[in-house]
Amino acid sequence: MKQDEILLSVRKLHVSFSTEDGGIKAVQDVSFSIRKGRTFALVGESGCGKTTIALSIMRLLQAGQGKIISGEIIFDNQDLLKLSEKQMRRIRGNKITMIFQEPMTSLNPVHKVGNQIAEAIRLHQNKNAKQAWADAVEILRKLVVSPSNQAGVAEPEHTALPKGILCSAYPHQLSGGMQQRVMIAMAASCKPALLIADEPTTALDATIQVQILNLLDRLQKEIGMSILLVTHDLGVVSEYADVVAVMYASRIVEKAPKGQLFAEPFHPYTRGLLQSLPRLDVSAKRLEVIPGTVPEPLYFPAGCKFHPRCPIGHKDKRCRTVEPELREVQPGRYVACWYAPGYEKR
Amino acid sequence: MRGAKNKKQKEQSHERKRVGLSYGELVWRRFTKSRLNLVCLIFVLFLFLLAVFAPFIANDKPFVIRIDGKLYFPLLRNLQPSDYCIFLAAVVVLWHAVGPPSCFRKKAGGLHRNTSGLGLSVAIVSVGAVLIFVFVPRRFDAVDYKEMVDSGKATGAIFAFIPYGYARTELASHRQPPSSRHWLGTDDVGADVLCRLIHGSRISLSIGFVAVGISVVIGILVGAILGYFGGWIDFIGMRFVEIMMAIPVFFLIITITAFFPRSFLNIMIIIGVTGWTSNARFIRAEFFKLRKQDFVQAAVSLGLPLRSILFRHILPNAVAPVLVNATFGISSAIFIEAALSFLGFGVAPPTPSWGQILSLGVSASGRFLWWLTLFPGLAIFFTVMAYNVVGEGLRDATDPRLSKAA
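Before going further, it helps to spend a moment on the packing of helix H7 (residues 176-188) of chain A against helix H8 (residues 206-223) of chain A. All names here are of chain A. Taken N-terminus to C-terminus, the directions of H7 and H8 make an angle of 15°; their axes are 10 Å apart at the nearest point. Classified by the angle between their axes, H7 and H8 sit roughly parallel to one another. As for how H7 packs across H8, the hand of that crossing is right-handed. The segment H7 lies against H8, with Gly177, Gln180, Arg181, Ile184 and Ala188 engaging Ile208, Gln211, Ile212, Leu215, Leu216, Leu219 and Ile223. Classifying every residue of the contact of H7 with H8 gives 8 nonpolar, 3 polar and 1 charged.

All names here are of chain B. Here we have 3 strands laid out as an open sheet, ordered S2-S1-S3, and antiparallel in their pairing. This sheet does not close on itself; its edge strands, each paired only once, are strand S2 (70-72) and strand S3 (154-158). Between one strand and the next, the sheet's axes are offset by a mean angle of 20°, whatever the strand orientation. Of the strand pairs in this sheet, strand S1 (residues 64-67) and S3 are connected by 3 bridges, and their pairing is antiparallel. Looking across to S3, one finds that valine 64 is bridged to isoleucine 158.

This part is about the packing of helix H14 (residues 294-301) of chain B against helix H15 (residues 306-318) of chain B. Residues and elements named next belong to chain B. At a closest axis distance of 11 Å, the pairing of H14 and H15 adopts a crossing angle of 165°. Between H14 and H15, the angle falls in the class roughly antiparallel. By crossing handedness, the relation of H14 to H15 is classed as right-handed. Along the contact surface, H14 presents Phe295, Val296, Ala299 and Val300, while H15 presents Ile309, His313, Ile314 and Asn317.

Relative to the assigned elements, glycine 237 of chain B resides in helix H10 (residues 231-246). Taking the C-alpha atoms as reference points, glycine 237 of chain B and leucine 226 of chain B, separated by 11 residues in sequence, lie 6.6 Å from one another.

Here we come to the interface of chain A and chain B. With 34 residues of chain A at the contact, the number on the chain B side is 27 residues. Here chain A packs against chain B, burying approximately 2,800 Å² in sum over the two surfaces, 56% of which is carbon and sulfur. Broken down residue by residue, the surface that chain A buries against chain B is led by Arg89, His111 and Glu119 of chain A, which jointly contribute 17%. Between the two partners, chain A and chain B, sit 1 salt bridge. Between arginine 312 of chain B and glutamate 119 of chain A there is a salt bridge, with the nearest N and O atoms lying 3.1 Å from each other. At the junction of chain A and chain B, the tally comes to 10 residue pairs in polar contact (both at pLDDT 80 or more). Elements represented by at least two residues in the side of chain A that touches chain B include exactly helix H1 (50-58), strand S6 (96-99), helix H3 (103-106), helix H4 (113-125), helix H5 (129-144) and H7 of chain A. Broken down by element, the side of chain A that touches chain B gets its largest block of residues, 5 residues, from H4 of chain A. In terms of residue class, the side of chain A that touches chain B is built from 17 nonpolar, 12 polar and 5 charged.

Once that is clear, we can look at a nonpolar patch on the surface. The grouping of Val362, Phe368, Trp370, Leu374, Leu378, Phe381, Phe382 and Met385 of chain B at the surface amounts to a nonpolar patch, some 770 Å² of accessible area in total. With respect to the secondary-structure elements, valine 362 of chain B resides in the loop between helix H17 (354-359) and helix H18 (370-398).

Turning our eyes to something else, we now look at unusual backbone geometry. Residue and element names in this part refer to chain A. Here the phi dihedral of aspartate 29 falls at roughly 50°; this positive angle occurs in a residue that is not glycine. Inspection of the secondary structure puts aspartate 29 in strand S2 (residues 22-35). Residue classification places aspartate 29 among the partly exposed residues on the basis of a relative accessible area of 30%.

Further remarks concern the environment of tyrosine 269 of chain A. All names here are of chain A. Positionally, tyrosine 269 belongs in helix H11 (residues 268-275). The class for tyrosine 269 is buried, based on a relative accessible area of 0%. When the C-alpha positions of tyrosine 269 and valine 246 are compared, they lie 8.7 Å apart, and in sequence the two are 23 residues distant. Ignoring sequence-local partners within four residues, the contact set of tyrosine 269 consists of Glu45, Val246, Met247, Tyr248, Val253, Ile290 and Phe306.

Each value, and the rule that gives it
- Residues numbered from 1 in each chain as written.
- Chains lettered and ligands numbered in written order.
- Predicted model: local features only at pLDDT ≥ 70, side-chain atom pairs only at ≥ 80, totals over all residues.
- Heavy atoms only, no water.
- Axes fitted to C-alpha atoms, helices over the stretch in contact; angles between N-to-C directions.
- Helix = DSSP H or I, 4+ residues; strand = E, 2+ residues; numbered from the N terminus.
- Parallel < 35°, antiparallel > 145°, perpendicular 65-115°, else oblique.
- Left-handed = near helix turned anticlockwise from the far one by under 90°.
- Contact = heavy atoms within 4.5 Å.
- Nonpolar A, V, L, I, M, F, W, Y, C, P; charged D, E, K, R; others polar.
- Pairing = 2+ DSSP bridges.
- Buried area = accessible area lost by both parts, 1.4 Å probe.
- Salt bridge = Lys/Arg side-chain N within 4 Å of Asp/Glu carboxyl O.
- Polar contact = N/O pair within 3.5 Å; in protein donor to acceptor, adjacent residues only side chain to side chain.
- Patch = residues over 30% accessible without salt bridge, like charges linked within 9 Å, V, L, I, M, F, W, Y side chains within 5 Å.
- Areas by Shrake-Rupley, 256 points an atom, 1.4 Å probe, with all protein chains shown as cover.
- Buried < 20%, exposed > 50% of the residue type's maximum accessible area, 1.4 Å probe, protein only.

Shown next, in the form of structure tokens:
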């Protein structure tokens with residue numbers, strides 16, 4: 001598999017949902033593409049539209065959650081938005097899979113976890129129940145082996161357990177980290193081309209977060225899948241992403257390879273986010289904060305949506321009236337800010 | 001010391017295989033907290049066994065008899081296809097309730113107890129029933145074996161515990177109060193009341209179970225579709241359900257039974273077809289709640305087909321209130337059947353039914369025959385009460401609000 005081929009590209013996606021007060025634009029003019037075998041991170045605050053994008057790719061938006069107004073989502077040379085529900089079912093869980101934020105509520109409480117993994121295998125790989133169960137046991141065993149221990153020696157805690165005992169457990173009998181492993185096993189069982197991880201570690205402890213993220217990293221190398229990492233945790237992004245897109249109020253405001261973004265953020269919002277993080281390498285007396293709060297989707301300000309909170313824009317007339325679009329300012333670097341270096345030259 | 005320690009370790013490792021209690025075990029534990037629940041459950045099981053083995057308990061045909069030096073087995077010969085069907089169904093139900101015998105059980109860590117097992121059982125019972133009706137001949141011999149024994153033509157007869165048939169007519173001894181010959185007396189054609197009560201339990205229970213089965217199936221299908229899809233489908237569907245609920249069901253049933261032949265099957269279908277609305281409402285409410293849950297979305301994101309999402313992933317989480325409702329449904333179906341038979345719209349006379357025996361209590365001459373009223377009345381009373389207590393116990397045991405207290 002060539003590493004640089006584009007696997008999925010989202011073009012000019014608009015999603016909105018209607019309320020009694022009018023249409024709310026959840027996602028506006030979002031475009032990005034994910035290369036094979038790479039990790040693309042979508043970062044942003046709650047409610048900025050990250051999850052809506054993830055659900056749009058899966059075509060999982062329910063009636064109350066929004067409607068795709070326009071745009072294209074090209075995967076494998078076909079537009080996912082034009083597929084029938086039946087064709088889409090063949091892609092879901094097979095080529096594109098998803099793991100969710102809360103592992104506890106994402107597993108069905110009445111079925112053994114092994115059966116839940118096996119069902120996906122049976123469906124997409126045409127295996128009988130027995131083979132699928134054996135596969136599930138094997139996959140879960142692999143995921144439980146400590147990621148730091150590449151020799152494949154299981155952690156002592158787990159060697160004591162009889163083979164397959166994890167698969168025979170019900171979700172409530174497992175810890176949060178173990179539940180998330182089960183979710184990952186379900187998602188990775190069919191060796192998908194793209195894994196969408198929607199805040200995969202938000203509900204977990206810091207130590208378990210690392211384990212889960214390392215696990216995803218390992219799986220990515222083994223299977224060669226791409227990952228769309230949806231998160232609000234810049235620490236996670238700095239460790240695991242290849243390309244990062246920062247979202248603010250339903251738009252992508254900056255998109256860049258990880259190293260460049262962290263070294264030199266162009267958009268004032270990105271800068272604010274990075275300054276508000278505690279860092280070990282810089283001694284700061286006090287962390288910077290971004291003043292104000294995220295605007296309500298119904299009352300987005302005119303012009304650049306960030307201008308009321310922006311150190312430059314809140315005084316600038318153009319920022320208040322004209323919304324900047326996302327432009328490529330350097331090869332591979334996109335930003336939507338009138339004051340970004342090189343923005344107006346192109 | 002060492003031995004004790006080893007033993008302790010062994011126990012621990014044994015315990016390790018079972019992590020926590022399953023939902024079923026929790027419910028069972030809470031259910032059996034109350035002695036009354038347990039007593040009523042045992043009574044329900046007792047009725048179940050009584051109904052299944054009725055022909056072996058009360059029958060005028062002997063198990064074995066010797067005529068002219070040859071052995072005959074009249075009781076087995078006279079078993080009807082419907083009896084065999086009941087045996088088959090009972091075995092399958094027991095298989096589900098208690099689990100397969102250990103020799104058939106898969107080893108630990110093995111597969112699945114999934115819902116397809118239920119489908120398989122239903123298939124076995126229905127195919128089996130068809131085969132039985134095709135291949136088992138309907139035999140009936142009208143020989144009076146007791147008379148043969150009395151007159152010395154036959155010897156060595158072993159009769160059932162209650163040696164009377166439910167369809168016996170013996171006008172010489174009709175309307176007799178309880179005696180040592182007929183423990184609960186005889187009815188207006190001279191049939192033994194105890195025998196008719198035992199055989200009547202079959203009618204009551206099978207009407208209860210089949211009618212509730214029909215109403216649960218319809219309720220689940222309708223409720224699942226309304227609850228999962230919501231929107232205008234739900235709006236129209238619920239208005240239809242409300243219209244159905246506004247109809248006084250009992251009078252509808254009386255009217256319908258008046259138009260159709262008085263058969264056992266018709267009554268089951270009519271009670272089932274009119275009783276699904278509450279089940280549909282329960283299921284709809286549960287599906288409404290569950291369809292937004294993460295695990296449902298996760299199931300969709302795995303590309304599972306709608307059938308699997310509705311019935312494999314949502315339904316098992318939604319079924320508890322319907323199971324509780326079903327136990328109440330059984331008692332009310334039994335009650336409706338008894339009422340119908342009492343009014344003369346029920347099953348036709350040679351077939352025994354509790355309500356019909358009850359209606360004989362006041363004879364044409366106006367004499368009050370207390371044994372014909374009291375005993376079937378008690379049978380109906382205790383059965384309905386037992387099912388209600390079991391249903392209430394189940395409802396409390398499955399109620400999550402009470403789970404902390406238990």
